[in-house]
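# A closer look at the structure
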Amino acid sequence: MPVRPLLHWTSALACLGLLAGLAGCQGRPEAAGQASPAGPPTGHYAGALQVPGRPELRALLEVRHPRPGHYDAELVLPQQPALSFVGDSLTFGQDTLRLARPGRPGEALTLGQQGNFWRGTLLLDSVRYPLLLVRRGEPEPAVYRVRRDEVAGTAGPALLFSPADESLPGLALALFSTPGTALAASTWADALARQGHTVLLLPAADTLAAPTIANALALLRRTPGVDTARVGAWVSERPAGLLPLLLAENTASRPAFVVVQNMPAPPLATRRDWHTLAQRGRLLAVYEPNQPKAEVAQARTLLGRPHVRQAAAAPLQSQVLDWLRARE
């Protein structure tokens, strides 16, 4: 008689143990805002970005899973390439994907998953544009990737744009922007990276020190896929005018070439150095259309007309890419 109750309680305890084991194997409920362990669904998504008062723009989203535990995503707008970007941070949770635009605080793509669809908004310059995308196949291969890095002497993390294919050593440059050129800097970094160049985008600052330049160039020279003999510097506005003085403090770590953007008239003491850089074919000065004509004219007198370019965004970008191609 006592055997039956004993078996009954033993069976009950075993069942409880089994249930506890099953509960432990199941994932815990996902906390709000946390990334799903499985990550977002990968694929090549196509759709349209609805621009109020304008024709819809074609939009493509590539969501990739290049290695275990890592996902990346890229938004491509073929008709407006200046708005395309590879996210420097990606979060996915509660069926919501958020992709941050590098170098543009607050600008992001936020999408909710609905089966094979993504529906959401692209936030640009405080304006939200509706977006609808549907899966069309496997993701296209990545052209470049973005990661955060630290450079001594800067006030925040730098962004390293590097080619996905590191097998052929290529040209690289450290891009030092100012608050006045910061918004355009991420667009330049994207355009240069899509052409196979490695770009280190430094935090925007009104000043620049010689050790900061040396640290940035050193980081690029030890980056896989970079030709150490073709590492240059891009400097904007007032710090650009002081570049020869900064380079004179660091003779052991000089850039192979220099691009200066919207540079005001440089100090008289540096003009011979600027002339020498230009004559050696290692200097290009670029100006946006809204820059004072007197500054551009003075730069052409100092550096020579072939070394100075002023144009709207798209043609100026083409001219810079052609000049860099000649450095290869």
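Read on for a plain summary of the structure. Sequence positions are assigned chain by chain, starting from 1 and proceeding in written order. Side-chain atom pairs in this predicted model are given and counted only at pLDDT of 80 or more, local residue features only at pLDDT of at least 70, and totals for whole chains, interfaces and linings cover all residues. Heavy atoms from the whole structure form the basis of all side-chain values; hydrogens and water molecules are not counted.

## Focus on the sheet that holds strand β7 (residues 108–114)
Pairing in this open sheet of 9 strands is antiparallel, and the strands run β4-β3-β2-β1-β9-β8-β7-β6-β5 from one edge to the other. The outermost strands of the open sheet, each flanked by one partner alone, are β4 (85–86) and β5 (89–93). As paired strands, β7 and strand β8 (residues 117–124) are joined by 7 bridges and run antiparallel to one another. Directly across from L109, in β8, lies its bridge partner L122. At least two DSSP bridges between two strands are required for those strands to pair. Only runs of H or I of at least four residues qualify as helices and only runs of E of at least two qualify as strands under DSSP, and these elements are numbered from the N terminus.

## So, the layout of surface pockets
With a 1 Å grid laid over protein atoms only, a set of points is called a cavity when a 1.4 Å probe fits there but cannot get out and a pocket when it is open yet has protein on both sides within 12 Å along at least five of seven lines; lining residues have an atom within 4 Å of a point. Grid points are joined across faces, edges and corners, and a volume is the space filled by probe spheres set on the points. Approximately 860 Å³ is the volume found for the largest pocket. For the lining of the largest pocket, the secondary structure elements donating two or more residues are α2 (182–194) and α8 (313–325). Considering every element that reaches the lining of the largest pocket, the biggest residue donor is α2, with 7 residues. R67, H70, Y71, D72 and V146 are the residues nearest the centre of the second largest pocket, which is lined by 31 residues in total. We call Asp, Glu, Lys and Arg charged. Ala, Val, Leu, Ile, Met, Phe, Trp, Tyr, Cys and Pro are nonpolar, and the rest, Gly among them, are polar. Class assignment for the residues of the lining of the second largest pocket results in 15 nonpolar, 9 polar and 7 charged.

## Some words on the pattern of salt bridges
Only one rule defines a salt bridge in this text: a Lys or Arg side-chain nitrogen within 4 Å of an Asp or Glu carboxyl oxygen. The tally for this structure, following the rule as stated, stands at 12 salt bridges. R135 is paired through a salt bridge with E138; the nearest N and O atoms lie 3.1 Å apart. The cut-offs for exposure are 20% and 50% of the maximum accessible area for each residue type, with area from a 1.4 Å probe on protein chains only; residues under the lower value are buried, those over the upper are exposed, and the others partly exposed. In this structure R135 comes out as partly exposed when scored by relative accessible area, which is 28%. Looking at E138, the relative accessible area reads 57%, which means it is exposed.

## Structural notes on the environment of Y129
Locating Y129 in the fold gives a position in strand β9 (residues 127–137). As a C-alpha pair, Y129 and L109 span 20 residues in sequence and 9.5 Å in three-dimensional space. Between two residues, a contact is recorded if the distance between any of their heavy atoms is within 4.5 Å. Among all residues touching Y129, those that are not within four sequence positions of it are L49, Q50, V51, P52, G120, T121, L122 and L124.

## Topic: the nonpolar core
It is characteristic of soluble globular proteins that their nonpolar side chains tend to be buried jointly. Counting residues in hydrophobic clusters, the biggest one holds 36 residues, and the most contacted among them are L200, V260 and W274. With 5 residues, the single largest contributor to this core is helix α3 (residues 210–221). Aside from chain neighbours lying at most four places away, what touches W274 is A240, G241, L243, P244, V260, M263, P266, L283, L302 and L303. Take the buried residues of types Ala, Val, Leu, Ile, Met, Phe, Trp, Tyr and Cys, join any two whose side-chain atoms come within 4.5 Å, and each joined set is a nonpolar core. V86, A185, V320 and L321 belong to the second largest nonpolar core, which has 26 residues in total.

## Quick notes on the packing of α2 against α8
Each axis is a line fitted through C-alpha atoms, and for a helix only the stretch in contact is used; angles between axes span 0 to 180 degrees, taken between their N-to-C directions. As a packed pair, α2 and α8 sit with axes 11 Å apart at the nearest point and diverge in direction by 50°. Here α8 runs oblique to α2, going by the angle between their axes. Here α2 runs over α8; the crossing is right-handed. Contacts between α2 and α8 involve T187, W188, A191 and L192 from the former and L316, Q317, V320, L321 and L324 from the latter. Angular relationships are summarised with four words: roughly parallel below 35 degrees, roughly antiparallel beyond 145, roughly perpendicular across 65 to 115, and oblique for the angles in between. The crossing is said to be left-handed when, going from far helix to near helix, the turn is anticlockwise and less than a right angle, and right-handed when the turn is clockwise.

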